[in-house]
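# Summary of the model geometry
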Protein chains: 2
Amino acid sequence: MTNAAPAQPAARAATLPDFDAVLAAAARIAPHAHVTPVLRAHSLDALAGCELHFKAEHLQRAGAFKFRGACNAIWSLTPDEAARGVVTHSSGNHGAALALAARTRGVACHVVVPEGAVAAKVAAIEAYGAVLHRCAATIAAREAKCAQVQADTGAELVHPYTDSRVIAGQGTAAMELLANDTAFDALIVPVGGGGLAAGTALSVAALSPRTKLFLAEPSGAAETWASMQRGERVTEFTPDTVCDGLRGTLGDPNFVMLHQHRAEVLKVDDRDTIAAMRLLWQRTKQIVEPSSAVALAAVLTRKDLFAGQRVGIVLSGGNVDPDALPELFARG
Amino acid sequence: MTNAAPAQPAARAATLPDFDAVLAAAARIAPHAHVTPVLRAHSLDALAGCELHFKAEHLQRAGAFKFRGACNAIWSLTPDEAARGVVTHSSGNHGAALALAARTRGVACHVVVPEGAVAAKVAAIEAYGAVLHRCAATIAAREAKCAQVQADTGAELVHPYTDSRVIAGQGTAAMELLANDTAFDALIVPVGGGGLAAGTALSVAALSPRTKLFLAEPSGAAETWASMQRGERVTEFTPDTVCDGLRGTLGDPNFVMLHQHRAEVLKVDDRDTIAAMRLLWQRTKQIVEPSSAVALAAVLTRKDLFAGQRVGIVLSGGNVDPDALPELFARG
């Protein structure tokens, strides 16, 4: 599958969010989202040669940071918009997060699900009360179905990572981490479409500009790395990675924000990501997705960059199907 | 394998510990042990029909509550005893916990390891700095080797669950839970040898006598259930359960204390235990051992006993080898 760039909703992408939007998001989602804990593990510090602070977004509602952005989008809707509902095309964590966030406000949620999506994730989206719309497994089919749902219902599109409301919401995770403690030398988040990464850049710039922002990206889907190298957005690539949450294409506003912030991308091989996932299991008893473990793997494979430093890592999600584990480990 | 009753160290078993011993243990281990968090999961509450509070001992040092008792034993030694070291026969969590606890005081630790012990657990014991002594996989061989190490080194035996210092230390987990909040209707802990169970009974009796104490026991190793029914200790049985931490025989002091407390034993089939382990994975992203998940399974299979109640559950340990998971799930 080649990932062509998804169409950008022009109105939302035209205005880049700023840190005020992150602050507003934090206030908006406070009644609904968890303030997630920060976990420590001394044996991992010893292994990494630096001091690791894990922001535990896998313990966020619906099991991932995605709930923050989805919740901000839902509670930003005008009453009229809320009455018409929302729609998105994501069979992963964003779909589940939007469905749960919509339920917190009694808003109708439509999720376009391509053929071949993971059954357990689709079941979670449905369990949160969303209306499913099936389509073929191409970007074109997903966007056509989305457009059709919008035309039929008047529902508002909430894009998984280019939507300004989503980016601002994702920024609240790093905001929580940095609000109490700005002594971090480095902060590492995974990058796929760039919603978490762009939101994090806003919080770092506003709260702790001396903290260097790193983006961990699977070597098999390293178009963000290529985009940053080239200074323009690379959109033609064929993702080949076990990190199912990081196969998407870096969004346009996301690229602009990350390029401007001079975030540094670290490429990580799947083998190292799975090893990091096993380490987190063994040393912290936490289940995280490969798409999260990639950030720890980035530190462990580039110890030279972080020696003796104070390092924040966002553990972005924990939605791993127990039955999928043997295959996952076999690919590691 | 038939589990004959292990020889009891008479001096230590003669005096049953009391709640003062738990308080003393809490003070003794405070500089070394974690105060573990209490976890909540609303979707599990909905499923169970009651309010669940999980005392997260899988996040204790060395990955299980066992560190509490081992640490109390180590820091109770006189300087002379400490100079001679300690010995135990456990290839599981107690062995690792004693090794780590001994390291906190610079005490030599000998662990007798039977043939066929799980390689990953033996490696952990060794990594914590213990001296390993191999022997055949019979109770007689283990005790003979233990006696030989004692004779050779003068090391003090620290039995995994009959030792008073160990029982008192294990009681500190429930003490922490109940110290701030005595509104629990029920508290459920797993039972194997009965160290955690007996220590918990001390804390419940002292801090919250209205809280009913339940012991969750695998149906395939339900000699505690049989002992409580018969009013005397049953020691002849052949354990057949996936809960490797709960295959031991209820100790004599443990039986006396639990019988006196009128703790109620709930038998749980392995199938339900594995289902509970998967649920904890999916809903809380926590890895716990089958020997811990048994306590949640006890609630979910006897919802009638707990409907609408406020229920504490001790998640006792989280040392699960990632590679062993497929076989574990296959047996569930």
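See the structure above.
Throughout what follows, the structure given in this document is the object of discussion. Values in this document were obtained by computation on a predicted structure and should not be read as measured data.

### Section: the overall build of chain A
Within chain A, the regular secondary structure consists of 16 helices and 10 strands. Since a compact globule built from 332 residues should have a radius of gyration of about 20 Å, the 18 Å found for chain A is in line with a globular shape. Expressed along its principal axes, the backbone C-alpha trace of chain A runs to roughly 55 × 40 × 40 Å. The buried share among the 332 residues of chain A stands at 58%. Counting contacts in chain A only where the partners sit at least 6 residues apart, residues at least 24 apart contribute 74% of the total. Carbon and sulfur atoms make up 51% of the accessible area of chain A, which totals about 12100 Å². Seen as two clouds, the 30 positive and the 32 negative side-chain charges of chain A have centres 3 Å apart.

### Describing the interface of chain A and chain B
At the junction of the two partners, chain A supplies 18 residues and chain B supplies 18 residues. Summed over both sides, the interface of chain A with chain B buries roughly 1600 Å², with 62% coming from carbon and sulfur. On the surface where chain A and chain B come into contact, there are 2 salt bridges. When the shortest N-O distance is used, the salt bridge between A:Asp323 and B:Arg278 registers 2.9 Å. Put simply, the parts of the chain that give the side of chain A that touches chain B at least two residues each are α13 (270–284) and α16 (325–331) of chain A. Ranked by residues supplied to the side of chain A that touches chain B, first place goes to α13(A) with 4 residues. In the side of chain A that touches chain B, the residues fall into 8 nonpolar, 7 polar and 3 charged.

### Here we look at the relation of the copies chain A and chain B
Put simply, the two copies of the chain differ by a rotation about an axis and a shift along that axis. Mapping chain A onto chain B is achieved by rotating through 180 degrees and translating by 0.0 Å along the same axis, at an RMSD of 0.0 Å. The symmetry that links the two subunits is that of a two-fold axis. Of every C-alpha in chain A, the one belonging to A:Gln286 sits nearest the axis of rotation, 2.5 Å from it. A share of 100% of the interface residues of chain A reappears at the interface of chain B, consistent with the copies meeting face to face through the same patch.

### Side note on helix α6 (residues 93–105) of chain A
All names here are of chain A. With 13 residues, α6 extends 19 Å from end C-alpha to end C-alpha; this agrees with the ideal 18 Å at 1.5 Å per step. In terms of burial, α6 is largely enclosed, as 10 of its 13 residues are buried. Within the span of α6, buried status applies to Asn93, His94, Gly95, Ala96, Ala97, Leu98, Ala99, Leu100, Ala101 and Ala102. In this structure, the buried residues of α6 make contact with α4 (66–76), β3 (86–88), β4 (109–114), α7 (119–127) and α9 (164–179).

### So, empty space enclosed by the protein
If a probe the size of a water molecule is rolled over the atoms, the empty space left behind becomes visible. Residue and element names in this part refer to chain A. Across all of its chains, the model carries 1 cavity of 30 Å³ or more by this definition. Along its surface, the largest cavity is lined by Leu39, Arg40, Phe54, Leu280, Thr284, Gln286 and Leu315. Within the lining of the largest cavity, the residues separate by chemical class into 4 nonpolar, 2 polar and 1 charged.

### Regarding the nonpolar core
Among the nonpolar cores identified, the biggest contains 76 residues, and A:Leu52, A:Ile313, B:Leu52 and B:Ile313 are the most heavily contacted of them. Leave out the neighbours within four places in its chain, and B:Leu52 touches B:Leu39, B:Arg40, B:Leu44, B:Asp45, B:Leu296, B:Val299, B:Val311 and B:Ile313.

### So, the environment of A:Ala151
Residue and element names in this part refer to chain A. Position of Ala151 relative to the elements: it lies in helix α8 (residues 139–153). Since its relative accessible area comes to 66%, Ala151 is described here as exposed. As for Ala151 and Asp270, which are separated by 119 residues in sequence, their C-alpha atoms are 40 Å apart.

### Describing helix α12 (residues 252–261) of chain B
Within the sequence span of α12(B), burial applies to B:Pro253, B:Asn254, B:Phe255, B:Met257 and B:Leu258. Just beyond α12(B), the residue with positive phi is B:Arg262, at close to 60 degrees.

### A closer look at the packing of helix α2 (residues 19–29) of chain A against α4(A)
Residue and element names in this part refer to chain A. Where α2 meets α4, the axes come as close as 9 Å, and the angle between the chain directions of the two elements is 85 degrees. The pairing of α2 with α4 is recorded here as roughly perpendicular in orientation. Where α2 approaches α4, its residues Ala25, Arg28 and Ile29 are matched on the opposing element by Arg68, Cys71, Asn72, Trp75 and Ser76. Considered class by class, the residues forming the contact of α2 with α4 number 4 nonpolar, 2 polar and 2 charged.

### Quick look at the pairing of strand β5 (residues 131–135) of chain B
All names here are of chain B. Sheet topology places strand β4 (residues 109–114) next to β5; 5 bridges connect them, and they run parallel. From the neighbouring strand, Val113 faces β5, where its bridge partner is Arg134. Handedness of the crossover is the feature at issue here: the chain leaves β4, passes through helix α7 (residues 119–127), returns alongside β5, and the resulting connection is right-handed.

### Here's the deal with the sheet that holds β4(B)
Residue and element names in this part refer to chain B. In space, the 4 strands of this open sheet follow the order β5-β4-β3-β6, with parallel pairing throughout. The two strands at the open ends of the sheet, each matched to only one other strand, are β5 and β6 (156–157). Here strand β3 (residues 86–88) runs beside β4; their pairing, made up of 3 bridges, is parallel. Looking across to β4, one finds that Val87 is bridged to His110.

What counts and how
- Residues numbered from 1 in each chain as written.
- Chains lettered and ligands numbered in written order.
- Predicted model: local features only at pLDDT ≥ 70, side-chain atom pairs only at ≥ 80, totals over all residues.
- Heavy atoms only, no water.
- Helix = DSSP H or I, 4+ residues; strand = E, 2+ residues; numbered from the N terminus.
- Rg over C-alpha atoms; globule rule 2.2 N^0.38 Å.
- Buried < 20%, exposed > 50% of the residue type's maximum accessible area, 1.4 Å probe, protein only.
- Contact = heavy atoms within 4.5 Å.
- Areas by Shrake-Rupley, 256 points an atom, 1.4 Å probe, with all protein chains shown as cover.
- Lys, Arg positive; Asp, Glu negative; His and termini not counted.
- Charge placed at Lys NZ, Arg CZ, Asp CG, Glu CD.
- Buried area = accessible area lost by both parts, 1.4 Å probe.
- Salt bridge = Lys/Arg side-chain N within 4 Å of Asp/Glu carboxyl O.
- Nonpolar A, V, L, I, M, F, W, Y, C, P; charged D, E, K, R; others polar.
- Least-squares fit on C-alpha atoms with pLDDT ≥ 70 in both.
- Expected span 1.5 Å × (residues − 1).
- 1 Å grid on protein atoms, 1.4 Å probe; cavity = no way out; pocket = protein on both sides within 12 Å on 5 of 7 lines; lining within 4 Å.
- Points joined across faces, edges and corners; volume = space filled by probe spheres on them.
- Core = buried A, V, L, I, M, F, W, Y, C linked by side-chain atoms within 4.5 Å.
- Axes fitted to C-alpha atoms, helices over the stretch in contact; angles between N-to-C directions.
- Parallel < 35°, antiparallel > 145°, perpendicular 65-115°, else oblique.
- Pairing = 2+ DSSP bridges.
- Right-handed = clockwise from strand over helix to strand, strands pointing away.

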